[in-house]
Amino acid sequence: MNEQQFLYQHPPLMKWEAVGQQFDQYALFFITDRDGTIVYMDDSLLRQLSGRYHDVHQFVERTDGIVSSLRDANVWRGKTVVDDRPAYVHVHLFQSHIVWTGFFLLATDGYNDSLTGALSYESFQHMLWERMNEREPFALLSLNLDRFKFINDLIGYECGNELLKQVAERLQRHQHLVISRQDRDQFFLAFYTAKRHDIRRAIDDVIQSFSTPFYLTEHELTVTPSIGVSVFPDDATDWTTLVSLADLALETAKENGGNTYCFYTNELKKTNEEKLYIQHSIRKALKQNEFTLQYQPIVDIQTGDIVAVEALLRWFHPKRGWISPATFIPIAEETNLIQPIGDWVLRNVCEQSKKWKEKGLPHVQIGVNVSIKQFLQADLVKHIEHVLRTYDLDPFCLKLEITESMAMHHIDYVLAQLQSLKNLGLQLAVDDFGTGYSSLNYLKKLPVDIIKIDRSFVQDMVKHSYDLSIVRAVIQVAHSLQMKVVAEGVETEEQLAILKREGCDRAQGYYFSKPLATEQFEQLVQQKKGRSH
């Protein structure tokens, strides 16, 4: 069988140019046996390689993934490299031999991504459209680098580009995958099978390839990927839907902590529809003023005086009624709606503090919870300073609360940001302490004023000596660092008695008061003020 006979029997090869591929004048054509030994090579190819027969032989040796895929299907088609040049190859199992045919690709700006050398998204799309037209199955992988924006901001744009080049280089080592980059850290990969176990094995190999650090000019970085998977034609039969489903699965992989992958399922679709509804409703809630704030007192354990208050966000949906923050806050964080929500909370808290001051209420410091996305904003300090100036408030009136888990991530940046907020005159607190698995020794690095012990330890310390030991240790270490300690979730007199005995400074919980509407909190403060007189 010569080249013309083979092409005649495989007309899809003749249609490549029609779907937007650009080819060099030389065709690839050679035949190997099943062990990879070259038994025939086209004369024009041999001339073009200047007789460097071993270059093709080395190429065949590097294509174990392609050859092994022929065990499940008789055909493999995709982009690879021959003689250090990009080529599009059709590999066909023909009786006892493997026929390799294809074309070298022209090095045009439109075909390859100019930064990484991976396929451009448009070329990748054309390539897979061809497979879709021929009803040939494949898996579409949507890949992002975990925390890339933060890493890029930290190391700079040029180093970020170098990282992307190295990532693309590692991905391209997987011969059985077709690699494309759409934008920044958005990569798309194609794997020419619909068999889940083969797809999982390929993805495991990709994730494993990220286990080795990336070495840049001034940095050594360990970067992990998140991957979402959709399969043609099982999940969708049109390109737009297939991409959106892979992206949906990608978001789920990110939510699961990153460095993992997720296949699209119908359950994901239902979950996504609910998220989209909540997301849309949050946007409406911001415009229609559906959010409200409630205030839970924080009490001095020794005197019983209200010394501070925590502002808690609440949402009454016009159709669903009260929606728990545990439901809508994670969705707001995923969609960046947490930033306008956080700004709304900050402004309303400052406005309320000013009103209480004008009414002559005793001074109480208001605590505001800050999400990780808010905290990582470069202009956070300037923004808070502007809001405080707008409402003519002393910074000491405001206390910002971050969770322990937030403090443990991006440590250098967090410490610098905390110090800037401290310099502004704000009070700072670490919330839910004890749940993030940080050591007590870590406390001394944090420029904070208050440690809030998580409610789980407070509620269990009555029954379990282990929890009591943790509470005691936190109080002792915090006091040695000149920090105040607040116990959260105090519900019984017995819990209060233990905290008082251990020297805890303040407490918060239903034993003292549930979260209150503005008017109810004002009444409570006035009552305590009246009794003190």
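Residues numbered from 1 in each chain as written. Predicted model: local features only at pLDDT ≥ 70, side-chain atom pairs only at ≥ 80, totals over all residues. Heavy atoms only, no water.

Student: What is the right way to look at the overall build of the protein in this model?
Tutor: A tally of helices and strands in the protein yields 20 helices and 22 strands. Counting across all 533 residues of the protein, residues that qualify as buried make up 52%. Across the protein, contacts joining residues at least 24 apart in sequence account for 67% of those joining residues at least 6 apart. Carbon and sulfur atoms form 48% of the exposed surface of the protein, whose accessible area is close to 25,500 Å². (Helix = DSSP H or I, 4+ residues; strand = E, 2+ residues; numbered from the N terminus. Buried < 20%, exposed > 50% of the residue type's maximum accessible area, 1.4 Å probe, protein only. Contact = heavy atoms within 4.5 Å. Areas by Shrake-Rupley, 256 points an atom, 1.4 Å probe, with all protein chains shown as cover.)

Student: Just to check I follow, could you spell out empty space enclosed by the protein for this structure?
Tutor: To find leftover empty space, a probe the size of one water molecule is rolled over the atoms. Tallying each qualifying case throughout the model produces 1 cavity of 30 Å³ or more. The greatest single-element share of the lining of the largest cavity, amounting to 3 residues, is contributed by helix 12 (residues 338-359). Class assignment for the residues of the lining of the largest cavity results in 7 nonpolar, 1 polar and no charged. (1 Å grid on protein atoms, 1.4 Å probe; cavity = no way out; pocket = protein on both sides within 12 Å on 5 of 7 lines; lining within 4 Å. Points joined across faces, edges and corners; volume = space filled by probe spheres on them. Nonpolar A, V, L, I, M, F, W, Y, C, P; charged D, E, K, R; others polar.)

Student: How should I be thinking about the pattern of salt bridges in this particular structure?
Tutor: Should the charged atoms of two oppositely charged side chains come close, the side chains can pair. Evaluated as defined, the whole model comprises 17 salt bridges. Between Glu-136 and Arg-131 there is a salt bridge, and its shortest N-O distance comes to 3.1 Å. Taken as a pair, Glu-136 and Arg-131 share a single burial class, namely buried. Via salt bridges that share partners, Glu-310, Lys-399, Glu-401, Lys-452 and Glu-488 belong to a single interconnected network. (Salt bridge = Lys/Arg side-chain N within 4 Å of Asp/Glu carboxyl O.)

Student: It is not clear to me how the sheet that holds strand 8 (residues 177-183) should be interpreted in this structure. Could you clarify?
Tutor: Two pairing modes exist for strands in a sheet, parallel and antiparallel, and in both the strands are linked by backbone hydrogen bonds. Taken in spatial order, the 6 strands make up an open sheet running 6-8-9-7-12-13, and their pairing is mixed. In this open sheet, the two strands that pair with only one neighbour each are strand 6 (119-120) and strand 13 (260-263). Strand direction decides the pairing type here: strand 7 (residues 138-145) and strand 12 (residues 225-232), joined by 8 bridges, are antiparallel. In the strand pairing of strand 12, Asn-144 is matched with Ser-226. Seen against the sheet, helix 9 (residues 239-255) touches strand 7, strand 9 (186-191), strand 12 and strand 13 and runs at an angle of roughly 145 degrees to strand 12. (Pairing = 2+ DSSP bridges. Axes fitted to C-alpha atoms, helices over the stretch in contact; angles between N-to-C directions.)

Student: Just checking my understanding: could you explain helix 9 for this structure?
Tutor: Taking 1.5 Å per residue, 17 residues should reach 24 Å; helix 9 reaches 25 Å between its end C-alpha atoms and fits that length. Within the sequence span of helix 9, burial applies to Trp-239, Leu-242, Val-243, Leu-245, Ala-246, Leu-248, Ala-249, Leu-250, Thr-252 and Ala-253. In this structure, the buried side of helix 9 is in contact with helix 5 (121-133), strand 7, strand 9, strand 12, strand 13 and helix 10 (266-288). Two residues or fewer past helix 9, Gly-257 is found with a positive phi of approximately 105 degrees. (Expected span 1.5 Å × (residues − 1).)

Student: Could you clarify how one ought to interpret helix 5 in this entry?
Tutor: Owing to its 3.6 residues per turn, the α-helix aligns residues three or four sequence positions apart on the same side. Across its 13 residues, helix 5 extends 18 Å between first and last C-alpha, which sits within 8% of the 18 Å expected from 1.5 Å per residue. Residues of helix 5 that are buried: Tyr-121, Ser-123, Phe-124, Gln-125, Met-127, Leu-128, Glu-130, Arg-131 and Met-132. Looking one or two places after helix 5, you find Arg-135, whose phi comes out positive at around 60 degrees.

Student: So what exactly am I meant to see when it comes to the pairing of strand 15 (residues 306-317) here?
Tutor: Across a regular strand the side chains alternate sides, sitting on one face of the sheet and then on the other. Counted residue by residue, strand 15 has 9 buried out of 12 residues, so it is predominantly covered. Of the strand pairs in this sheet, strand 14 (residues 291-300) and strand 15 are connected by 9 bridges, and their pairing is antiparallel. Bridged to Val-299 within strand 15 is Ile-306. Here strand 14 folds back onto strand 15 in antiparallel fashion, the turn holding 5 residues, of which Gly-304 has a positive phi close to 80 degrees. Pairing geometry for strand 15 and strand 17 (residues 365-369), over 3 bridges, is parallel. Each bridged residue has a counterpart across the sheet, and for Ala-308 the counterpart in strand 17 is Gln-365. Of the strand pairs in this sheet, strand 15 and strand 16 (residues 321-323) are connected by 3 bridges, and their pairing is antiparallel.

Student: Could you clarify how one ought to interpret the pairing of strand 21 (residues 484-487) in this entry?
Tutor: Relative to strand 21, strand 20 (residues 450-453) is paired through 4 bridges, and the arrangement is parallel. Within strand 21, the position partnered with Ile-450 by the bridge is Lys-484. For strand 21 and strand 22 (residues 506-507), the ladder comprises 2 bridges, and the chain directions are parallel. Counterpart to Val-486 in the pairing with strand 22 is Arg-506. A crossover connection joins strand 21 to the parallel strand 22 through helix 19 (residues 493-502); in handedness this β-α-β unit is right-handed. (Right-handed = clockwise from strand over helix to strand, strands pointing away.)

Student: Help me out: how do you make sense of the environment of Pro-340 in this one?
Tutor: Inspection of the secondary structure assignment puts Pro-340 in helix 12. A residue is classified by how much of its surface remains accessible, and Pro-340, at 36% relative accessible area, is partly exposed. Placed 57 residues apart in sequence, Pro-340 and Arg-283 show a C-alpha to C-alpha distance of 9.4 Å.

Student: It is not clear to me how the side chain of Gln-508 should be interpreted in this structure. Could you clarify?
Tutor: Within the secondary structure layout, Gln-508 lies in the loop between strand 22 and helix 20 (518-532). The exposure class of Gln-508 is buried, given its relative accessible area of 3%. Residues contacting Gln-508, with those up to four places away along its chain left out, are Gln-296, Pro-297, Ile-298, Glu-310, Lys-452, Val-486, Ala-487, Glu-488, Gly-489 and Val-490.

Student: Which parts of the structure should I look at to understand the packing of helix 10 against helix 11 (residues 325-334)?
Tutor: Packed helices, taken two at a time, are described by their axes: the angle between them and the distance between them. Between helix 10 and helix 11, whose axes approach to 10 Å, the crossing angle comes to 85 degrees. Taken together, the axes of helix 10 and helix 11 lie roughly perpendicular to each other. Contacts between helix 10 and helix 11 involve Lys-275, Ile-278, Gln-279 and Ile-282 from the former and Phe-328, Ile-331, Ala-332 and Glu-334 from the latter. A per-class count over the contact of helix 10 with helix 11 returns 5 nonpolar, 1 polar and 2 charged. (Parallel < 35°, antiparallel > 145°, perpendicular 65-115°, else oblique.)

Student: Just checking my understanding: could you explain the confidence of the model for the protein for this structure?
Tutor: Parts of the model with low pLDDT should not have their predicted coordinates read in detail. In the predicted model, the protein carries a mean pLDDT of 83, and the fraction of residues at 70 or more is 81%. Long-range and interchain partners of residues 106-110, a stretch whose pLDDT sits below 50, account for 7 contacts in this model, where long-range means more than four residues apart. (pLDDT = per-residue confidence, 0-100.)

Student: Teacher, can you tell me more about the packing of aromatic side chains here?
Tutor: Aromatic ring pairs are described here by two measures, namely the spacing of the ring centres and the angle between the planes. Throughout the structure, instances matching the rule amount to 16 aromatic pairs. Arranged with centres 5.3 Å apart and planes meeting at 90 degrees, the rings of Trp-315 and Phe-328 form a pair that is edge-to-face. You can see Trp-315 sitting in strand 15 and its partner Phe-328 sitting in helix 11, a full 13 residues away along the chain. Take Trp-315: its relative accessible area is 0%, and that puts it in the buried class. (Phe/Tyr/Trp six-rings, centres within 6.5 Å; stacked < 30°, edge-to-face > 60°.)

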